[in-house]
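Structural features, examined
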Amino acid sequence: MHDVTHAKQRRRDLILAAVFVALAACVPLFVKDVYVQNIMVLTLMYAGLSQSWNILGGYCGQISLGHALYFGLGAYVTAILLTKFDVLPWFGMIAGGLISALIALALGYPTFRLGGHYFAIATIVIAEIAYLLFLNWDWAGAALGIDIMVREDSWAKFQFTRSKLPYFYFALFFAAVAWLVTWWLENSKWGYWWRAVKDNPDAAESLGVVVFKSKMGAGAISAFLTAIGGAFYAMFVSYIDPESVMSFQFSLLISLPAVLGGIGTLWGPVLGAVVLIPVTELTRSFIGGSGRGVDLIVYGGLIVIVSLTRPDGLLGLFSRKRKKEAVR
Amino acid sequence: MTAETIIQSLASGLLMGLLYGLIAVGLSLIFGLMNIVNFAHGEFLMLAMYGAFFLFSFFALDPLLSMPLVAAGMFVFGAAIYLLIVRFAMRAKTNVGMVQIFATFGLAIVLRGLAQYFFTPDYRSISHSWLGGKTISIGGIFLPVPQLVGAGLAILAFGALYFFIKRTDFGRALEATREDAGAVALVGIDQNRVFALGWGLGSALVGLAGAIMATFFYIYPDVGASFALIAYVVVALGGFGSVFGAFAGGILVGLVEASTALIMPPSLKAVGIYAVYLLVVFIRPRGLFGSI
């Protein structure tokens, strides 16, 4: 009986996602304003990034505050390959993803043995080391960063001078893929282990090795997808420097939509991004200029309030309703 | 590189390290008490620095004099943060780790925003304090006076803290609560009160550090961020919850930072600290002196 409803729920999620993607794909037909389109691109990108973070931070419960490392690596590998070796960004994107996944595996081996806070701080520190190294690495542009010259409209080079639409559709594709990977992982062997470990930490001991391997897997997948997002961002803004792609601020930005929407849930990161990104972008442009720091106050306040009153995230508002309906 | 330069930088590294210990010990104390990492610790330092700055610019109070006031103010602030925010974060039934990390992270962002709003993002400094800008020479080694006084204060503060925890009733209540909070409640000690006072005490200690830091460091809304990371490293190196660990961790971090600056560009000096930190936690996941 339970299996039937579970399968039904999963099918419903998939249909819902397809509907959302179809609706989102139509939005640019009606919304022509470049500023709004820009916010939509960022929202989709953060939805995808946070979904990737959520695989490790939410489902596995390994709260990483250093995902800027993978994001930055994706951006840098793509930008360096393109500007120095004329490698098309599509290959750079994959290369950045693979390098990030390998680094995540290498780092996962020592860090996954660290408990709670020690793990979080180790991830901050590792990302900070990479940030400082890139800041001082002359060949990679050091603090000045890398300027990606945009000369023509080209899908091969993933550069567009006039329209933001291609970026929008790629960001939509990225968010959809990250969602789909999560959807698939949820029902996989690994997904069950993660849940078992979360529900009953003692079970983790008996599962020992397999759980460790599944965490390594989660780290690698999460890093790969995050780097794809970073590669996209590099092409989207066509200029990167360590501050804008590898600073701690970014690690926080990647994790927040999942935290606000509902950590360790399928829809949390999407909901979180849809709420958080427009709110922060709008506060920044309406009052950010004149009222210094107001955007930070709004956004920090939102985090405090949600984590204190809704530990399950905003998604909890929906699922509670859903449960009540089910009882009726 | 002469022997003199090496001794010179290790000496200033030692002084800075003692200050790092003082910045970090409050964080460690709070963690030991209730297993919570205050991710707004750097912002507490920032507020204390502004406190010293404004007392100096409005009332011409030298940071050395205003230090007790700043510490007292931070005591009240820390206890209030516990009562208003942290107390509720500890009640979470689900996603406990996430709630604890992000409640204080959100607070950090709010405090930074408030500082930008009310104090402006400008860099401030205390221009003519009693200590600022002075150096003394001991046996051919030049030491900056603010750091020297700060290091002396840090040693005093650590001594006082040790005495306080071992010898006073409240200190014993603090120790007992961290050993077994449930049993403590049974003997009639109000756990909430102990926690609030623990937050007050931890914040007062970072207040002391902030007042000294204000005499030789620029004061701006984001100043806490880099020191916060160093404080986490100090605490994690020494072992979360261990007061002696924070002291030793601070000295270690100061010395490592100074030695890294000798062999690498100054902008990379933090890399040495972070690398040593990773090495230690990979070998000893609970830090050097951690017991928990």
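Procedures and definitions
- Residues numbered from 1 in each chain as written.
- Chains lettered and ligands numbered in written order.
- Predicted model: local features only at pLDDT ≥ 70, side-chain atom pairs only at ≥ 80, totals over all residues.
- Helix = DSSP H or I, 4+ residues; strand = E, 2+ residues; numbered from the N terminus.
- Rg over C-alpha atoms; globule rule 2.2 N^0.38 Å.
- Contact = placed C-beta atoms within 7 Å.
- Axes fitted to C-alpha atoms, helices over the stretch in contact; angles between N-to-C directions.
- Parallel < 35°, antiparallel > 145°, perpendicular 65-115°, else oblique.
- Nonpolar A, V, L, I, M, F, W, Y, C, P; charged D, E, K, R; others polar.
- Pairing = 2+ DSSP bridges.
- Core = buried A, V, L, I, M, F, W, Y, C linked by C-beta atoms within 7 Å.
- Buried ≥ 20, exposed ≤ 12 C-beta atoms within 10 Å, placed from the backbone.
- pLDDT = per-residue confidence, 0-100.
- Expected span 1.5 Å × (residues − 1).
- Left-handed = near helix turned anticlockwise from the far one by under 90°.

The next point concerns the overall build of chain A. Within chain A one finds 13 helices and two strands. The C-alpha atoms of chain A give a radius of gyration of 20 Å, which matches the 20 Å a tight globule of 328 residues would have. Projected onto the principal axes, the alpha-carbon positions of chain A cover approximately 60 × 50 × 40 Å. In chain A, the share of contacts with a sequence separation of at least 24, taken over all contacts with a separation of at least 6, comes to 76%.

We now examine the overall build of chain B. A tally of regular secondary structure across chain B gives 11 helices and two strands. Sequence-ordered secondary structure for chain B, helices as α and strands as β, is α-α-α-α-β-β-α-α-α-α-α-α-α. For chain B, the C-alpha radius of gyration of 19 Å lies close to 19 Å, the compact-globule estimate for 292 residues. By its C-alpha atoms, chain B is 60 × 50 × 35 Å across when sized along the principal axes.

Residue and element names in this part refer to chain B. Interhelical geometry of helix α6 (residues 169-179) versus helix α8 (residues 191-213) gives an angle of 105 degrees and a closest axis separation of 10 Å. In terms of their interaxial angle, α6 and α8 are classed as roughly perpendicular. Counted together, F170, A173, L174 and T177 of α6 and Q191, V194, L197 and G198 of α8 form the full contact between these two elements. Looking at side-chain class alone, the contact of α6 with α8 contains five nonpolar, three polar and no charged residues.

Moving on to the interface of chain B and chain A. Chain B puts 42 residues into the contact, and the matching count from chain A is 36 residues. Those elements giving two or more residues to the side of chain B that touches chain A turn out to be α3 (63-89), α4 (96-119), α9 (223-238) and α11 (269-283) of chain B. No other element matches the 16 residues that α4(B) contributes to the side of chain B that touches chain A. The residue makeup of the side of chain B that touches chain A, split by class, is 33 nonpolar, eight polar and one charged.

Moving on, we come to the pairing of strand β2 (residues 141-144) of chain B. Residue and element names in this part refer to chain B. For strand β1 (residues 135-138) and β2, the ladder comprises four bridges, and the chain directions are antiparallel. Counterpart to I136 in the pairing with β2 is L143. Where β1 folds back onto β2 in an antiparallel hairpin, the turn is made up of two residues, including G139, whose phi is positive at roughly 55 degrees.

Moving on, we come to the nonpolar core. Among the nonpolar cores identified, the biggest contains 202 residues, and B:L19, B:M49 and B:V233 are the most heavily contacted of them. Beyond its immediate chain neighbours, meaning those up to four positions away, B:V233 contacts A:V125, B:V253, B:I273, B:Y274 and B:Y277.

Attention now moves to the confidence of the model for chain A. Per-residue confidence for chain A gives a mean pLDDT of 85, with 91% of residues at or over 70. Predicted confidence for residues 323-328 of chain A stays below pLDDT 50, and this span has zero contacts to residues more than four positions away or in other chains.

Quick look at helix α2 (residues 41-59) of chain B now. Residue and element names in this part refer to chain B. If you check α2, its first and last C-alpha atoms are 27 Å apart, about what 19 residues at 1.5 Å a residue would give, namely 27 Å. Across the 19 residues that make up α2, a large majority, 15, are buried. Remark: A60 follows α2 within two positions and exhibits a positive phi of approximately 55 degrees.

What follows concerns the environment of B:R284. Examined against the element boundaries, B:R284 turns out to sit in the segment after α11. Since 13 C-beta atoms lie within 10 Å of it, B:R284 is described here as partly exposed.

All names here are of chain B. Relative to each other, α2 and α8 sit at 50 degrees, their axes nearing to 7 Å. Relative to α8, the element α2 lies oblique. Handedness of the crossing formed by α2 with α8: right-handed. Contacts from H41, F44, L45, A48, M49, G51 and A52 in α2 reach S203, V206, G207, A209, G210, A211 and M213 in α8. Of the residues in the contact of α2 with α8, the class split is nine nonpolar, five polar and no charged.

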